[in-house]
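# Observations on the three-dimensional arrangement
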Amino acid sequence: MTDQTQPAHPVRFSEPGVPRIRRINWSGTRALYIKEVRRFMKVQLQTIWAPSITTLLYLIIFTVALGGQRRTVLGAPFADFIAPGLIMMGMIQNAFANSSFGMLVGKIQGTIVDYLMPPISTAELLFAQVAAAMTRAAFVGVAIGIAIALWPGVHIAPRHIWAILVFWALGTMFVSFLGVLTSIWAEKFDHAAAITNFVVAPLSLLSGTFYSVDRLSPVFQAISHANPFFYAISGFRYGFLSVADTEVVRGMVVLGGLNVVLGFLCYALLKSGWKIRP
């Protein structure tokens, strides 16, 4: 007679030291990604909608106060010219803000263990951080686009969807990696604020958002072409106006190469535990 209390299929556990999660921990990566998205969605009035109002103020100042409605740049009305750049600039700044905040606040509050203890690899941790920052950038971009579309005198419509998606991905991924590097290096909020104020903000404002680089002197043209944000904004603008300050393919190559370099650098620093593990 068989014992009825024994299960028909006994549970088999892995041998000690043998991992049960192989290759990619999709559930763990998804959980961390959702955690990061929920973190900024809980205060979406500040993280999503406030940037759209700030960007709309830029548009109003440059088109109304400076008489920009009578100007044309690269054959397009001035308001239509700066609108895509403003959208991309808002996405860049908010992607950096999101990725530079997560692990930094964990180090300051002593909760960095929440990132280090779960059974996810370094690549999965980096992927979740960058994907969440790019998601916030996408939400901000949509909010800014809605605000700009409601403003009279601005006419923007997607003409090359592939360019919009490619340069959204490459541009926001670049600043997301930069934000992760900042969160690894920084030891207090002042350090992250310094990178925001002295690196991200100047590079985004001096990236051809409000002017055409062709009108600058050769020296400043060379400086602009050394600015990675210039390629992101120029390529993103091409998706709406079919015009750009530089070759679209060149922008894709530059941003793609920078993303590869920064991605490997972030991975190496996270793997080594520099300024993260005691």
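Refer to the structure above for everything that follows.
This section reports on the structure supplied with the text. Note that the coordinates shown come from a computational prediction; the quantities given were computed from them, not determined experimentally. (Residues numbered from 1 in each chain as written. Predicted model: local features only at pLDDT ≥ 70, side-chain atom pairs only at ≥ 80, totals over all residues. Heavy atoms only, no water.)

## Looking at the side chain of Thr29
For the record, the criterion: Counting from the N terminus, the helices are DSSP H or I runs at least four residues long and the strands are E runs at least two residues long. When a residue's accessible area, from a 1.4 Å probe over protein chains only, is under 20% of the maximum for its type it is buried; when over 50% it is exposed; and in between it is partly exposed. What makes two residues a contact is simply this: any of their non-hydrogen atoms within 4.5 Å.
Examined against the element boundaries, Thr29 turns out to sit in helix 1 (residues 26-41). Exposure remark for Thr29: the relative accessible area of 5% places this residue in the buried category. Once residues lying within four places of it in the same chain are set aside, the contact partners of Thr29 are Ile120, Glu124, Phe127 and Ala128.

## Some words on the environment of Phe189
Of note, Phe189 is situated in helix 8 (residues 189-205). In this structure Phe189 comes out as partly exposed when scored by relative accessible area, which is 41%. Apart from the residues within four sequence positions on either side, Phe189 is in contact with Phe101, Leu104, Val105 and Ile108.

## Brief notes about the packing of helix 3 (residues 78-99) against helix 8
We count it as follows: Orientation is described by lines fitted to C-alpha atoms, with helices fitted over the stretch in contact, and by angles between N-to-C directions that extend from 0 to 180 degrees. For classification purposes, an angle smaller than 35 degrees is called roughly parallel, one larger than 145 roughly antiparallel, one from 65 to 115 roughly perpendicular, and anything else oblique. Handedness of each helix crossing follows the sense of rotation of the near helix against the far helix: counterclockwise by less than a right angle gives left-handed, clockwise gives right-handed. Here the term charged refers only to Asp, Glu, Lys and Arg, the term nonpolar to Ala, Val, Leu, Ile, Met, Phe, Trp, Tyr, Cys and Pro, and the term polar to all other amino acids, Gly among them.
Remark: helix 3 packs on helix 8, axes separated minimally by 11 Å, with the N-to-C direction vectors making an angle of 165°. It follows from the interaxial angle that helix 3 and helix 8 lie roughly antiparallel. Relative to helix 8, helix 3 is oriented so that their crossing is right-handed. Within the contact between the two elements, helix 3 uses Met89, Gln93 and Phe96 and helix 8 uses Ala192, Ile195, Thr196, Val200, Ala201, Ser204 and Leu205. Class assignment for the residues of the contact of helix 3 with helix 8 results in 7 nonpolar, 3 polar and no charged.

## Details of helix 6 (residues 122-149)
Selection rule: An expected span of 1.5 Å times one less than the residue number is assigned to each helix.
Here helix 6 contains 28 residues, and its C-alpha end-to-end distance of 41 Å stays within 8% of the 40 Å for a straight helix at 1.5 Å per residue. The element helix 6 is extensively covered by neighbouring structure, given that 21 of its 28 residues are classed as buried.

## Examining the pattern of salt bridges
Going by this rule: Salt bridge, as used here, is a side-chain nitrogen of Lys or Arg placed within 4 Å of a carboxyl oxygen of Asp or Glu.
Tallied over the full model, the rule gives 4 salt bridges. Close ionic contact of Lys35 with Glu36 constitutes a salt bridge, the shortest N to O distance being 3.3 Å. Here Glu36 falls in the buried class, since its relative accessible area comes to 1%. Residue Asp245 pairs with Arg237 through a salt bridge whose shortest N-O separation is 3.6 Å. On the basis of relative accessible area, Asp245 is assigned to the buried category, the value being 9%. Look at Arg237 and you get buried, because its relative accessible area is 1%.

## Description of the nonpolar core
Generally speaking, soluble globular proteins have nonpolar side chains that are buried together. Quick note on the threshold: Within this scheme, the nonpolar core is defined by two criteria: the residues are buried Ala, Val, Leu, Ile, Met, Phe, Trp, Tyr or Cys, and they are joined through side-chain atoms within 4.5 Å.
If you look at the biggest cluster of nonpolar residues, it comprises 68 residues, and the most contacted ones within it are Met103, Ile148, Val180, Phe236 and Leu270. When residues of this core are traced back to their parent elements, those giving at least two are helix 1, helix 2 (44-65), helix 3, helix 6, helix 7 (161-185), helix 8, helix 10 (228-241) and helix 11 (248-272). For this core, the leading source of residues is helix 3, giving 13 residues. Excluding residues within four positions of it along the chain, Phe236 makes contact with Pro84, Ile87, Met88, Met91, Ile164, Phe167 and Trp168.

## Looking at a nonpolar patch on the surface
Selection rule: Each patch is built from residues that are more than 30% exposed by relative accessible area and take part in no salt bridge. Like charges join if they lie within 9 Å; nonpolar side chains (Val, Leu, Ile, Met, Phe, Trp, Tyr) join within 5 Å. In this description, accessible areas are obtained by the Shrake-Rupley approach with a 1.4 Å probe, and a residue is regarded as covered only by the protein chains that are shown.
On the surface, Ile53, Leu57 and Ile61 cluster together into a nonpolar patch covering about 280 Å² of accessible area. Relative to the assigned elements, Leu57 resides in helix 2. Using a relative accessible area of 47% as the deciding quantity, one classes Leu57 as partly exposed.

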